Amino acid sequence: MFKANINITLKKSISDPAGIAVQNSLQNLGFDTVEKVRIGKYIEVYINETEIEIVKNKIDEMCRKLLTNPIMEEYSFEILEVSK
Amino acid sequence: MKFGVVVFPGSNCDTDCFHVIKDVIEQEVEYIWHQENKDLSNFDCIILPGGFSYGDYLRAGAIARFSNVMSKIEEFAYNGGYVIGICNGFQILTESHLLPGALIKNKNLKFICSDQYVKVVNNQTPWTNLYSKDEIINLPIAHGEGNYYIEEIQLQQLIDNNQIILQYCDKNGNISEKTNPNGSILNIAGICNKDFNVFGLMPHPERSSESILGCDDGRRIFNSIVKYYLSR
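Residues numbered from 1 in each chain as written. Chains lettered and ligands numbered in written order. Predicted model: local features only at pLDDT ≥ 70, side-chain atom pairs only at ≥ 80, totals over all residues. Heavy atoms only, no water.

J.: Mind laying out the sheet that holds strand E3 (residues 73-81) of chain A, listing which residues take part and the relevant values?
T.: Residue and element names in this part refer to chain A. The strand order across the open sheet built from three strands is E2-E1-E3, with neighbouring strands paired in antiparallel fashion. Two strands bound the open sheet, and with one partner strand each, they are strand E2 (40-47) and E3. On average, each strand axis in the sheet is tilted by 20 degrees relative to the strand beside it, whichever way the strands run. (Pairing = 2+ DSSP bridges. Helix = DSSP H or I, 4+ residues; strand = E, 2+ residues; numbered from the N terminus. Axes fitted to C-alpha atoms, helices over the stretch in contact; angles between N-to-C directions.)

J.: I'd like a rundown of the interface of chain A and chain B, residues and numbers included.
T.: With 17 residues of chain A at the contact, the number on the chain B side is 16 residues. For the chain A and chain B pair, buried surface summed over both sides reaches about 1400 Å², with 70% attributable to carbon and sulfur atoms. Three residues, Pro17(A), Leu66(A) and Ile71(A), lead the burial of chain A against chain B; their summed loss comes to 39% of the area buried on that side. For the pair chain A and chain B, the interface holds two salt bridges. (Contact = heavy atoms within 4.5 Å. Buried area = accessible area lost by both parts, 1.4 Å probe. Salt bridge = Lys/Arg side-chain N within 4 Å of Asp/Glu carboxyl O.)

J.: Quick one: what's the story with the pattern of salt bridges, residue by residue and with numbers?
T.: Residue and element names in this part refer to chain B. Across all of its chains, the model carries 20 salt bridges over all chains by this definition. One salt bridge in this structure joins Glu74 and Arg65, with 3.5 Å as the shortest N-O distance. On the accessibility criterion, Arg65 (17% relative accessible area) is buried. Within this structure, Lys2, Glu28, Glu30, Glu36 and Lys38 form a network of salt bridges that share partners. (Buried < 20%, exposed > 50% of the residue type's maximum accessible area, 1.4 Å probe, protein only.)

J.: Account for the layout of surface pockets, naming residues and giving values.
T.: Put simply, the largest pocket is a space of about 400 Å³. Around the largest pocket, the lining comprises 25 residues; the ones closest to its centre are Leu10(A), Lys41(A), Glu73(A), Lys105(B) and Glu145(B). When contributions to the lining of the largest pocket are tallied by element, the ones reaching two or more residues are strand E1 (2-10), helix H1 (17-28) and E2 of chain A together with helix H3 (88-95) and strand E5 (102-104) of chain B. (1 Å grid on protein atoms, 1.4 Å probe; cavity = no way out; pocket = protein on both sides within 12 Å on 5 of 7 lines; lining within 4 Å. Points joined across faces, edges and corners; volume = space filled by probe spheres on them.)

J.: Any chance you could break down the sheet that holds strand E11 (residues 198-201) of chain B for me, citing the residues and the numbers?
T.: Residues and elements named next belong to chain B. The nine strands are arranged E2-E1-E3-E4-E11-E10-E9-E6-E7 in an open sheet whose pairing can be described as mixed. Sheet topology places strand E2 (28-33) and strand E7 (135-143) at the edges, where each strand pairs with a single neighbour. The average angle at which neighbouring strand axes cross in this sheet is 20 degrees, direction not considered. Packed on one face of the sheet, H3 meets strand E3 (45-48), strand E4 (82-86), strand E10 (188-192) and E11 and runs near 120 degrees to E4.

J.: Lay out the side chain of Thr94(B) with the relevant residues and their values.
T.: Secondary-structure assignment places Thr94(B) in helix H3. In this view, Thr94(B) contacts Leu99(B), Pro100(B), Gly101(B), Ala102(B) and Leu103(B); residues no more than four positions away in its chain are not counted.

J.: Could you give me a rundown of helix H5 (residues 219-230) of chain B, with the residues and numbers involved?
T.: In a regular helix each residue adds 1.5 Å, so 12 residues correspond to 16 Å; H5(B) covers 17 Å between its end C-alpha atoms and thus fits that length. For H5(B), the elements touching its buried residues are strand E1 (2-7), helix H1 (14-24), E3, E4 and E11 of chain B. (Expected span 1.5 Å × (residues − 1).)

J.: Provide a residue-level description of the environment of Tyr31(B), including the pertinent values.
T.: Residue and element names in this part refer to chain B. Considering the arrangement of structural elements, one finds Tyr31 in strand E2. Note on Tyr31: relative accessible area 34%, which makes it partly exposed. It is 28 Å that separates the C-alpha atoms of Tyr31 and Tyr148, two residues lying 117 residues apart in sequence. Excluding residues within four positions of it along the chain, Tyr31 makes contact with Val5, Val7, Asp14, Thr15, Phe18 and Lys38.

J.: Explain unusual backbone geometry to me, using residue names and the numbers behind them.
T.: Across residues other than glycine, the phi torsion is negative in most instances, and most of the peptide bonds are trans. Residues and elements named next belong to chain B. With phi around 55 degrees, Asp56 is a residue other than glycine that occupies positive phi space. Position of Asp56 relative to the elements: it lies in the loop between E3 and helix H2 (68-78). By relative accessible area, Asp56 is classed as buried at 14%. Of note in the backbone geometry, Asn187 takes a positive phi value of approximately 60 degrees without being a glycine. Along the chain, the position of Asn187 falls in the loop between strand E9 (164-169) and E10.

J.: Residue-level account of the packing of aromatic side chains, with values.
T.: All names here are of chain B. In this structure the tally under the stated criterion is eight aromatic pairs over all chains. Geometrically, the ring pair formed by Tyr82 and Tyr228 is edge-to-face, given 5.9 Å between the ring centres and 75 degrees between the ring planes. One end of the pair, Tyr82, is in strand E4; the other, Tyr228, is in helix H5, with 146 residues separating them in the sequence. According to the relative accessible area criterion, Tyr82 is buried, its value standing at 8%. A residue is classified by how much of its surface remains accessible, and Tyr228, at 33% relative accessible area, is partly exposed. A network of ring pairs unites the aromatic residues Tyr82, Trp127, Phe199, Tyr228 and Tyr229 as a single cluster. The lysine or arginine in question, Lys2, covers the ring of Phe43, its NZ or CZ lying 4.9 Å from the ring centre. Its end group placed over the ring of Phe66, Arg65 keeps NZ or CZ at 4.3 Å from the ring centre. (Phe/Tyr/Trp six-rings, centres within 6.5 Å; stacked < 30°, edge-to-face > 60°. Lys NZ or Arg CZ within 6 Å of the ring centre and 35° of its normal.)

This is the structure in structure tokens:
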């Protein structure tokens, strides 16, 4: 059994309104060294496979097909082996 | 002319669209349930209504795009069938690549629910032929993710092919950042595909199709497609 931790953010070229709002709030709280905040999504997928290479390919395909919209988002993931 | 109104779990403007087609413009209409693998050849125009299909949990329109009915609608559209996506329906059309671009969160982070002036920049389409060129109309908007985004090369293609149909403006037709409610590129409120048989827009014409509701500027979108279809 494997677990994929997937992180999705808006592409760097796209302005992130939620990130900017939080950035301003952090700066108002006195965290004035905050340079930038980007807000995204975190998705955990548990997948019942035995080969890590197969898991990598499947997770990548899931990201491209459904979990992200490549027009506006980018993604990264890590895969961990977990017990059932 | 026969219309189909698709019902996804979370659609909430399906009944309004059905009512406008049946009672206001008096055409035949039927609901289409999202799980149905239905033959759509009996339909002349499919409406993807507004709402929050599948709760919009992953992204607006992302899950709906893979529902059973959508593969049939894609086929219908690729064969020249007329498809209009309103609000969440527009988001579903971009997610399914029947229309280019994407809709991201409104720039000001607010869910906007208000009346909005829009300019009909292209009236030479099946959907807008009853408006005059550059006519300013009033349509309600209600969305949190209506900020239209498209990469520059594709934006240029939209401009070159006259695929930009509606732009947000003020009552005098000024198109600027000040008259842009959600941050959309070029104040875009509605676009068509290259063949003009697929139309997506964020404003809700079905909510402004009867004067008893305060404005009936939206009705001519539905009347336009009927007129176009019957005079082909």
